[in-house]
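Residue-level listing of the chains:
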Amino acid sequence: WIFGTIIFFSIGLTKKTTFSPAMKKKILTLGAFLLTVVAVSLVFLSTYLIDRGGIINYNALSMASDQGRLFYYRIAYLLILYSPFIGVGFNGFSLFPYGILNSELKELSQAGGLSHNIYLQIAAETGIIGLTFLILFIVSLFKPYIKKRFTPLSLTLGIIFITMLLIGLADHYWIAYTSGRLMFFLFGGLFAACTAAEMGHERPTNATVPFSSPHRK
C-alpha cells in the first residue's frame, strides 16, 4: 500500500492534466495528512513494529515467515516443472502430494499449503496457459493509458489494482480465496468499466444533418 500511495501521488502531481490546480492543492494537503499519520503511528507503535520484525528489524519471527514462503516457492516451481502447460488443476496446490515431486518432500506434505504468490499459484495450478491469460488481462487494463490520460477516478482505481498486483508478489489471497478473488476482479472490472466509459466520452461523434424533405409543388 505504501508503494501504491507513492505511485498515486507521483503520477497525480507530475501529470499536468490529471488534476486541476485546485485539486492538486487538496492532494498535497492529503499527502501532508498521511505523512503526519504515519509519523505518529511510528512513534506510538514502534515497539510492536520492532517485535514483529521485517524491514525495520529482521528477527527470528520474520525469518521463519520468509523460510516458509521460500519453501512454498520451491514447491510451486516443482509443480510448474511437473505440469508446465496446464498445471495440476485449480485449487490443486494445497492438495497435491509433494512426494510425487521429490521423495525428500514426502514427509512435508501439508494439506492447505499455498504459494504466497498469486503468479506462482496460477502458474502451478493452471500452467503457463493460465498465467498467460492473467498477464493478457492485466495488459488489457493498462494498455489504453499508453496514449490516454488518467482522470482522478481512473488513476485511483488503477493504483488500487496495481497495489493488489504488488501484494500478490508476497501473498496468495487475491486468487486462493473466494473473498480475495471477488475483490481482485471487482476492482479490475471497475477499472475496465471506467476506462471504457471515459473512452466513450472522448470518442468524437459524427455530425448529423437534419433531414428535410423536398417541398412539393
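Residues numbered from 1 in each chain as written. Predicted model: local features only at pLDDT ≥ 70, side-chain atom pairs only at ≥ 80, totals over all residues. Heavy atoms only, no water.

A. Looking closely at the overall build of the chain. Secondary structure summary: the chain contains 7 helices and 0 strands in total. Listing each helix as α and each strand as β along the chain from the N terminus yields α-α-α-α-α-α-α. For the chain, with 217 residues in total, the buried portion stands at 33%. A fraction of 60% describes how many contacts in the chain between residues 6 or more apart in sequence connect residues 24 or more apart. Within the structure as shown, the chain displays about 14500 Å² of accessible surface, and the carbon and sulfur contribution to it stands at 70%. (Helix = DSSP H or I, 4+ residues; strand = E, 2+ residues; numbered from the N terminus. Buried < 20%, exposed > 50% of the residue type's maximum accessible area, 1.4 Å probe, protein only. Contact = heavy atoms within 4.5 Å. Areas by Shrake-Rupley, 256 points an atom, 1.4 Å probe, with all protein chains shown as cover.)

B. Structural view of the pattern of salt bridges. Throughout the structure, instances matching the rule amount to 2 salt bridges. Ionic pairing is found between D171 and R69, a salt bridge with its closest N-O pair at 3.7 Å. Linking D171 in the loop between α5 (152-167) and α6 (173-176) with R69 in helix α3 (residues 60-82), this pair joins segments that are 102 residues apart in sequence. Salt-bridge contacts for E198 lead to K148; the nearest nitrogen and oxygen are separated by 2.6 Å. With E198 in helix α7 (residues 178-202) and K148 in the loop between α4 (118-142) and α5, this residue pair connects regions lying 50 residues apart in the sequence. (Salt bridge = Lys/Arg side-chain N within 4 Å of Asp/Glu carboxyl O.)

C. Main features of the nonpolar core. Core analysis: the largest hydrophobic core is formed by 24 residues, its most contacted members being F8, F161, F184 and F191. Only α1 (2-14), α4, α5, α6 and α7 provide two or more residues apiece to this core. For this core, the element with the highest residue contribution is α5, accounting for 7 residues. In contact with F191, not counting residues within four places along its chain, are L141, F142, Y145, F150, S154, L157 and G158. (Core = buried A, V, L, I, M, F, W, Y, C linked by side-chain atoms within 4.5 Å.)

D. Spotlight on the environment of N91. In this fold, N91 is placed in the loop between α3 and α4. By relative accessible area, N91 is classed as partly exposed at 34%. In the structure, N91 is positioned 34 residues away from E125 in sequence and 6.7 Å away in space, judged by C-alpha atoms. Residue contacts for N91: discarding those within four places in its chain leaves E125 and A176.

E. Up close: the packing of aromatic side chains. Counted by the stated rule, this structure contains 13 aromatic pairs. Ring centres of Y145 and F191 lie 5.6 Å apart, and the angle between their planes is 10°; on these two criteria the pair is classed as stacked. A residue pair is termed long-range when its members are at least 10 positions apart, and Y145 in the loop between α4 and α5 and F191 in helix α7 qualify at 46 residues. Like F191, Y145 is buried. Ring centres of F161 and F184 lie 5.0 Å apart, and the angle between their planes is 35°; this geometry places the pair in the tilted category. In this pair, F161 sits in helix α5 while F184 sits in helix α7, placing the two residues 23 residues apart along the sequence. Here F161 and F184 have matching classes, each one buried. Taken together, the ring pairs in this structure connect F137, F142, Y145, F150, F161, F184, F185 and F191 into an aromatic cluster. (Phe/Tyr/Trp six-rings, centres within 6.5 Å; stacked < 30°, edge-to-face > 60°.)

F. Quick look at the packing of α4 against α5. For the pair α4 and α5, interaxial distance at closest approach is 14 Å and the crossing angle is 160°. The pairing of α4 with α5 is recorded here as roughly antiparallel in orientation. Of the two possible hands of crossing, α4 and α5 adopt the one that is left-handed. Contact residues: Y119, F137, I138, L141 and F142 in α4; G158, F161, I162 and L165 in α5. Grouping the amino acids of the contact of α4 with α5 by side-chain chemistry returns 8 nonpolar, 1 polar and no charged. (Axes fitted to C-alpha atoms, helices over the stretch in contact; angles between N-to-C directions. Parallel < 35°, antiparallel > 145°, perpendicular 65-115°, else oblique. Left-handed = near helix turned anticlockwise from the far one by under 90°. Nonpolar A, V, L, I, M, F, W, Y, C, P; charged D, E, K, R; others polar.)

G. Inspection of the layout of surface pockets at higher detail. When its volume is computed, the second largest pocket comes out at roughly 160 Å³. Around the second largest pocket sit W1, G4, T5, F8, F9, L30, L34, T156, I159, I160 and T163, which together line it. Grouping the constituent residues of the lining of the second largest pocket by class yields 7 nonpolar, 4 polar and no charged. (1 Å grid on protein atoms, 1.4 Å probe; cavity = no way out; pocket = protein on both sides within 12 Å on 5 of 7 lines; lining within 4 Å. Points joined across faces, edges and corners; volume = space filled by probe spheres on them.)

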